[in-house]
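Breakdown of the fold
Chain by chain, the residues run as shown.
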Amino acid sequence: MLSQGTFQACNAPINDQCSKRFLNSNSIWCKKSSISLSSSSGRAGSGLAVATNETKSKQVAYEPSLADRLRLGSMSEDRMSYKEKFIVRCYEVGINKTATVETIANLLQEVGCNHAQMVGFSTDGFATTHTMRRLHLIWVTARLYIEIYKYPAWSDVVEIETWCQSEGRIGTRRDWILKDCATGELIGRATSKWLMMNQDTRRLQKVTDEVRDEITAYFPKELRLAFPEENNGSLKKIAKLEDPAEYSKLGLVPRRADLDMNQHVNNVTYIGWVLESMPQEIIDTHELQTITLDYRRECQQDDVVDSLTSVEPIEDVGANGSAATAPKDVDKSFLHLLRLSSDGLEINRCRTEWRKKPARI
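Report follows, based on the coordinates. Small disclaimer: the values here were computed from a predicted structure and weren't measured.

The number of helices and strands found in the protein chain is nine helices and 14 strands. Within the protein chain, the proportion of its 361 residues that are buried is 52%. Carbon and sulfur atoms make up 52% of the accessible area of the protein chain, which totals about 18300 Å².

Listed below in structure tokens is the structure:
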């Protein structure tokens, strides 16, 4: 499977560098028992070693783990961002014969976690620092916004770059850029906001100076945004969907597999629940271009969820700026609401924009 996807995605002459890296990745890692690094920011698990006076004559090296050898990721030269390449697997492709939006969201999460590990943060939580683990603190998603310009197909190779920076005093943001490895074409962008929660009390709290000092060492020195445009879609507020909704899917129950290592429903699961109430005629004729999710409440294993969807009112399109905030080829827009079946409390607000499916060749 790996070799087949490699040859299909990287044989094009324009992608000779990508091809060589994929085909030779194992041998390259095996030959490189160590890499010298002048900064002390490298972690043991990253396959980096610090050269000191005692090791000038004989370098003491860390032996990369099997995951390090197979993972096709690396830090940028200034160590302010991280890039990784992924092959789209057959089980990550949906009815359109391209990667699903859940696949894209999972890859964003994966590269973010790998970035955190590369700089020395926790392997037992989503990018928790040493101080956060000591104080039983975790990161939770507050907002996720994704724009997809072209969906990769089975065996395509996607390169994702990610970086973090501060978001006021109460959280952080993580951005992503997605490219087709074979052509270098920009195929998507994404941004997210994260807040800190006490794992025991499940209450949000401000990012402490101690935690901020730990993470800002890996933030770009100047503000860098995946969406630098004014009035871009990631800034658009989501209006609450009022009853009665036009479409609904009631009684959704979290599976055990939907729970993440922080003991709540993983944020990608909500995307699938949102799409469950989309009208079938839209699924048949359109593909998702943008999705915005505002996470308002945790969902636990025993909760029962209702998914509601309605066409977005025309007067709401273009709020927070102008209609130009939406990509030009958007054809349909919808508002969504996930709520607890028991008491109607909001779990998640969502907005989606859809374009007509491209013609198949």
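Right, let's get into empty space enclosed by the protein. Scanning the entire structure with this criterion turns up five cavities of 30 Å³ or more. By volume, the largest cavity is sized at about 300 Å³. Considering the residues around the largest cavity, the lining is formed by 20 residues, among which Ala-116, Ala-127, Trp-139, Cys-164 and Arg-174 are closest to the centre. Every element with two or more residues in the lining of the largest cavity is listed here: helix H5 (101-118) and strand S7 (171-180). When residues of the lining of the largest cavity are assigned to their parent elements, the largest contribution, six residues, is made by H5. Considered class by class, the residues forming the lining of the largest cavity number 14 nonpolar, four polar and two charged.

Each neighbour pair has its own omega, and for Asp-243 with Pro-244 the value is -5 degrees, a cis peptide bond. Tracing the backbone through its elements, the reader meets Pro-244 in the loop between helix H7 (209-216) and strand S10 (247-252). You will see that Lys-97, though not glycine, has its phi angle at about 65 degrees, which is positive. Mapped onto the secondary structure, Lys-97 falls in the loop between strand S4 (82-87) and H5. The phi angle at His-136 is positive, at roughly 60 degrees, despite the residue not being glycine.

Our next topic: H5. Given a rise of 1.5 Å per residue, 18 residues ought to cover 26 Å, and the 26 Å separating the end C-alpha atoms of H5 matches this to within 8%. Buried residues dominate H5, accounting for 15 of its 18 residues. Of the residues flanking the end of H5, it is Gly-120, one or two places downstream, whose phi is positive at about 105 degrees.

This next bit is on the environment of Tyr-247. Tracing the chain through its elements places Tyr-247 in strand S10. A sequence separation of 60 residues divides Tyr-247 from Ser-307, and the C-alpha atoms of the two residues are 8.4 Å apart. In contact with Tyr-247, other than residues within four places in its own chain, are Ser-277, Pro-279, Glu-281, Ser-307, Leu-308 and Thr-309.

As a further point, take the pattern of salt bridges. A complete count under the given rule lists 19 salt bridges for this structure. Between Glu-312 and Arg-351 there is a salt bridge; the shortest N-O distance is 2.8 Å. Of this pair, Glu-312 sits in the loop between strand S12 (305-311) and strand S13 (332-340) while Arg-351 sits in strand S14 (residues 346-356); the two residues are 39 residues apart in sequence, bridging distant segments of the chain. The structure contains a network of salt bridges with shared partners spanning Glu-167, Arg-173, Asp-175 and Lys-193.

Thresholds applied
Residues numbered from 1 in each chain as written. Predicted model: local features only at pLDDT ≥ 70, side-chain atom pairs only at ≥ 80, totals over all residues. Heavy atoms only, no water. Helix = DSSP H or I, 4+ residues; strand = E, 2+ residues; numbered from the N terminus. Buried < 20%, exposed > 50% of the residue type's maximum accessible area, 1.4 Å probe, protein only. Areas by Shrake-Rupley, 256 points an atom, 1.4 Å probe, with all protein chains shown as cover. 1 Å grid on protein atoms, 1.4 Å probe; cavity = no way out; pocket = protein on both sides within 12 Å on 5 of 7 lines; lining within 4 Å. Points joined across faces, edges and corners; volume = space filled by probe spheres on them. Nonpolar A, V, L, I, M, F, W, Y, C, P; charged D, E, K, R; others polar. Expected span 1.5 Å × (residues − 1). Contact = heavy atoms within 4.5 Å. Salt bridge = Lys/Arg side-chain N within 4 Å of Asp/Glu carboxyl O.

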